[in-house]
Amino acid sequence: MRQLDARQLDVKNIFKYPEQNTWETLLKRPTLEKKDLRNTVQEIFLKVKEDGDAALKEFAIKFDQVSIDKLLVSTEEKEFAVAQVSPELKAAIAQAKENIFKFHAAQKEQSNEIETTEGVICWRESRAIEKVGLYIPGGTAPLFSTVLMLAVPAQIAGCKEVLLCTPPQKDGSINPAILYTAQLCGITKIFKVGGAQAIAALTIGTESIQKVDKIFGPGNQYVTQAKQLAMEYNVAIDLPAGPSEVLVIADEKANPEFCAADLLSQAEHGTDSQVIFISTDEVVFKETLKEINKQVAELPRNEIAKLALENSRFILVKTIDEALQISNFYAPEHLILAIENPRSYISKITNAGSIFLGNFTPESAGDYASGTNHTLPTNGFAKNYSGVSLDSFVKKITIQEISKTGLKNIGKTIEIMAAAEGLDAHKNAVSLRLKSLENGI
């Protein structure tokens, strides 16, 4: 692996035709020391378990530099927030909500009874998870769009209790757009709690915050670690959704200006975000790097984006197939194919949270308003996790009904298998029924 000549370019971590045996090192994600991270989060959980609301208020002072009197957002605060949101933003949120609703409502499944053997009928039915907790990041970027991504499918699924936790602003309030969107989605229980302590509260429960059955929402590495710890308390999570990331693959047909904008759209999320750019065309490659330098200087969050770029990688390869192999190895949260005939390559993609095809499909569309969900697996978990969907908010219960004829048809099979495993009670449960049928009972 050798560095590409980057003279006149401020972007670092530029590589030309890397060998496959270097990919693991080359594509390493920025992470905190796991042991220290876990220990810190465990201490937060123990403190919340011991002191409840008092611990949450203490952590608000420590981490958010704000004193909170009441954790639950009041009716007056909600009404004030509605007035603060502009008509233009309300209309945009409404359109996004409509598209997200359409996409997720289409994911409803109808029960389909299957007769596996004559007289043996099996099927599945969905049941909503009763109590869910939504975590909405609200630090340097208040993600009211995430409220839509989580609350809308929760609504469609029919979850009975939906709690929302989000960090308070420096004045102790919640961002008006977050409050407005939550109300639009029918959420009434909104709490001024952020970070790992919010996940601990939803996991364990406090005087104000009810323990939930499943926790949803993205966050930094502390939030991600807290969600993983929540599973040890028998609370489910949606997926490991940590710092944001995007991988862009570009050929000679790509627009460098667009590619740079897409890369920076993720870099501005946070200093621990990561972007990967892979191109088969050296002209497009260099022009994209120049565009990054130009555009990053104009961003209000340019200091955050620049630090994220320190963690990022810019790679020149020979073929699209090689680029896809690198992408599948990395398993990006977002994958943009800024290439000719992108649909023809979809079947070759095995690991990605969400895919964006062509020069006019920005990742931002999925973040806000196209309809797909933006809560996606990061940190390589796209290899074994899906993004949030309607299925994330329901459980699938299998049901079966066997007639007398059906039991006669499969009874002997069950008896033989149970006996072979040495489970005589299993066998007897069938044998007694078959005997009763023989006796005409």
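Peer 1: Mind laying out the pairing of strand E5 (residues 131-135), listing which residues take part and the relevant values?
Peer 2: Along any regular strand, the residues point their side chains to alternate faces of the sheet. Where burial is concerned, most of E5 is hidden: four out of the five residues are buried. Strand direction decides the pairing type here: E5 and strand E6 (residues 161-166), joined by five bridges, are parallel. In the sheet register, Val132 faces E6, and the bridge partner there is Val162. Bridge count for E5 against strand E8 (residues 214-216) is three bridges, and the pairing is parallel. Its bridge partner being in E8, Leu134 is matched across the sheet by Phe216.

Peer 1: Requested: an account of the nonpolar core, with residues and values cited.
Peer 2: Core analysis: the biggest nonpolar cluster contains 40 residues, and Val132, Leu134, Val147, Cys159, Ile187 and Phe393 have the highest contact counts within it. Counting only elements with at least two residues in this core, the list comes to helix H5 (87-105), E5, helix H6 (144-157), E6 and helix H7 (176-184). With 10 residues, H6 is the single largest residue contributor to this core. The next biggest cluster of nonpolar side chains, apart from the first, holds 31 residues, and it includes Ile44, Leu163, Ala196 and Ala200.

Peer 1: Tell me about empty space enclosed by the protein, and name the residues and values.
Peer 2: Applying the stated rule across the entire model yields one cavity of 30 Å³ or more. For the largest cavity, the calculated volume is near 200 Å³. What lines the largest cavity is a set of 19 residues, among which Thr31, Gln221, Gly242, Pro243 and Asn379 lie closest to the centre. Only helix H2 (34-51) and helix H9 (221-230) provide two or more residues apiece to the lining of the largest cavity. With four residues, the single largest contributor to the lining of the largest cavity is H9. Its residues assigned to classes, the lining of the largest cavity shows four nonpolar, 11 polar and four charged.

Peer 1: Tell me about the pairing of strand E7 (residues 189-192), residues and numbers included.
Peer 2: Where E6 meets E7, four bridges bridge the pair, whose relative direction is parallel. Looking at E7, one finds that Thr166 is bridged to Lys192. Chirality of the crossover, the property in question, places the unit of E6, H7 and E7 among those that are right-handed.

Peer 1: Could you give an account of the sheet that holds E7, naming the residues involved and the relevant values?
Peer 2: Taken in spatial order, the five strands line up as E7-E6-E5-E8-E9 in an open sheet, and their pairing is parallel. Either end of the sheet is taken by a strand with one partner, and the two such strands are E7 and strand E9 (236-237).

Peer 1: Provide a residue-level description of the sheet that holds strand E3 (residues 114-117), including the pertinent values.
Peer 2: Strand order in this open sheet of three strands is E3-E4-E15, and the pairing throughout is antiparallel. Since the sheet does not close on itself, it has two edges, and those belong to E3 and strand E15 (394-402), each with one partner. Looking at each pair of strands side by side, their axes are set apart by 30° on average, direction ignored. Note: strand E4 (residues 120-128) against E15, nine bridges, orientation antiparallel.

Peer 1: Kindly report on the packing of helix H8 (residues 195-204) against H9, identifying the contributing residues and their values.
Peer 2: Axis separation between H8 and H9 bottoms out at 8 Å; the angle between their running directions is 20°. As summarised for this structure, H8 and H9 are arranged roughly parallel, according to the angle between their axes. Once H8 is placed against H9, the crossing between them reads as right-handed. On H9, the residues that touch Gly195, Ala196, Ile199 and Thr203 of H8 are Tyr222, Val223, Ala226, Lys227 and Ala230. Residues belonging to the contact of H8 with H9 are distributed by class as follows: six nonpolar, two polar and one charged.

Peer 1: With reference to specific residues and values, describe the packing of aromatic side chains.
Peer 2: In total, this model carries seven aromatic pairs according to the counting rule given. Here the aromatic rings of Phe45 and Tyr233 are separated by 5.5 Å at their centres, their planes lie at 40°, and the arrangement is tilted. Linking Phe45 in helix H2 with Tyr233 in the loop between H9 and E9, this pair joins segments that are 188 residues apart in sequence. The class of Tyr233 is partly exposed, set by a relative accessible area of 26%. Judged by centre distance (5.6 Å) and plane angle (15°), the rings of Phe59 and Phe63 are stacked. With Phe59 and Phe63 both in helix H3 (residues 53-64) and four residues apart, this pair spans about one turn of that helix.

Peer 1: Can you tell me about unusual backbone geometry, naming the residues and giving the values?
Peer 2: Note: most residues except glycine have negative phi, and most peptide bonds are trans. Of note, the phi angle at Gln65 is positive, near 55°, even though the residue is not glycine. Within the secondary structure, Gln65 is located in the loop between H3 and helix H4 (75-84). The backbone of Ala331 shows a phi angle near 60°, a positive value even though the residue is not glycine. As for its placement among the helices and strands, Ala331 is situated in the loop between helix H13 (320-330) and strand E13 (334-338). Here Ala331 falls in the buried class, since its relative accessible area comes to 0%.

Definitions and cut-offs
Residues numbered from 1 in each chain as written. Predicted model: local features only at pLDDT ≥ 70, side-chain atom pairs only at ≥ 80, totals over all residues. Heavy atoms only, no water. Buried < 20%, exposed > 50% of the residue type's maximum accessible area, 1.4 Å probe, protein only. Helix = DSSP H or I, 4+ residues; strand = E, 2+ residues; numbered from the N terminus. Pairing = 2+ DSSP bridges. Core = buried A, V, L, I, M, F, W, Y, C linked by side-chain atoms within 4.5 Å. 1 Å grid on protein atoms, 1.4 Å probe; cavity = no way out; pocket = protein on both sides within 12 Å on 5 of 7 lines; lining within 4 Å. Points joined across faces, edges and corners; volume = space filled by probe spheres on them. Nonpolar A, V, L, I, M, F, W, Y, C, P; charged D, E, K, R; others polar. Right-handed = clockwise from strand over helix to strand, strands pointing away. Axes fitted to C-alpha atoms, helices over the stretch in contact; angles between N-to-C directions. Parallel < 35°, antiparallel > 145°, perpendicular 65-115°, else oblique. Left-handed = near helix turned anticlockwise from the far one by under 90°. Contact = heavy atoms within 4.5 Å. Phe/Tyr/Trp six-rings, centres within 6.5 Å; stacked < 30°, edge-to-face > 60°.

So far we have only geometry, and geometry alone does not tell us how the molecule works.
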